[in-house]
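Observations on chain architecture
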Amino acid sequence: MKKIIYFLCLILVVVFLLVYKQVGKTNTAVVSIGKSDKFSQGEMNDSTNCVKKKFKDFRGCSLTKLWYDEKKSNYFIEDYLECGKGSVNGVKSGNVIVLISTFDVDFSGGDGSINPNSTYSDWKWTLIRDSKTGNWRVDDWGY
């Protein structure tokens, strides 16, 4: 009976490790928030937390850097509003922010849509909200 219990515990540990490994990791990410004339520190923190939460869907990946550069963000926002989803969803420019990241992918390649054993740099995260006091949500991501 002890052997059966030991074996079941071992199986549970292995399953836990496999499932845990599949969650996108953000705990060691270096976050760098540059100066902003558009957003408060609280708004910036909320946006980075939103990206970290979404990144957990990136199985087998580890977020290494996440940053905000207002000049680059403004450039990407302009493009988003003119040619991207922002051209059809009616969001105002003050309710859009773009963060940039670098992340590593393990041997599994996440869900199969990204290259295994690779690093993705300058990955954009476009976040929107309904109003100045609304919650950020990731609307688009990628290069």
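Preceding this paragraph is the structure being described.
The structure displayed is predicted, hence computed values, not measured ones.

1. With respect to the environment of V91
Mapping V91 onto the fold places it in the loop between helix 4 (86-89) and strand 3 (96-105). Here V91 falls in the buried class, since its relative accessible area comes to 15%. Put simply, V91 and D130 are 39 residues apart on the chain and 7.1 Å apart in space, counted from C-alpha to C-alpha.

2. Here's the deal with unusual backbone geometry
Positive phi values are uncommon outside glycine, yet N117 reaches one of about 50°. Within the secondary structure, N117 sits in the loop between strand 3 and strand 4 (118-128). The class for N117 is exposed, based on a relative accessible area of 61%. Positive phi, normally seen in glycine, also occurs at D122, with a value near 55°. Inspection of the secondary structure assignment puts D122 in strand 4.

3. Section: the layout of surface pockets
By volume, the largest pocket is sized at about 160 Å³. Residue lining of the largest pocket: F76, D79, Y80, C83, G84, K124, T126, D140, W141, G142 and Y143, and that is the complete set. Broken down by secondary-structure element, the contributors of at least two residues to the lining of the largest pocket are helix 3 (70-83), strand 4 and strand 5 (137-142). For the lining of the largest pocket, the element with the highest residue contribution is helix 3, accounting for four residues. Looking at the lining of the largest pocket, its residues break down into five nonpolar, three polar and three charged.

Conventions adopted
- Note on numbering: residues in each chain are counted from 1, in written sequence order.
- For a predicted model such as this one, the threshold for reporting local features is a pLDDT of at least 70, and the threshold for listing and counting side-chain atom pairs is 80 or more; totals across whole chains, interfaces and linings nevertheless cover every residue.
- The basis for every side-chain value is the complete set of non-hydrogen atoms in the structure, without hydrogens or water.
- In this description a helix means any DSSP run of H or I spanning at least four residues, a strand means any run of E spanning at least two, and both kinds are numbered starting from the N terminus.
- Here's how the labels work: a residue is buried when its accessible area is under 20% of the maximum for its type, exposed when over 50%, partly exposed in between, all with a 1.4 Å probe on protein chains only.
- Note on definitions: the grid is 1 Å and covers protein atoms alone; a cavity is a set of points where a 1.4 Å probe fits but cannot get out; a pocket is an open set with protein on both sides within 12 Å along at least five of seven lines; lining residues have an atom within 4 Å of a point.
- Grid points are joined across faces, edges and corners, and a volume is the space filled by probe spheres set on the points.
- Residues are sorted three ways: Asp, Glu, Lys and Arg are charged, Ala, Val, Leu, Ile, Met, Phe, Trp, Tyr, Cys and Pro are nonpolar, and all the rest, Gly among them, are polar.

These values are about where atoms sit, not about what they do.
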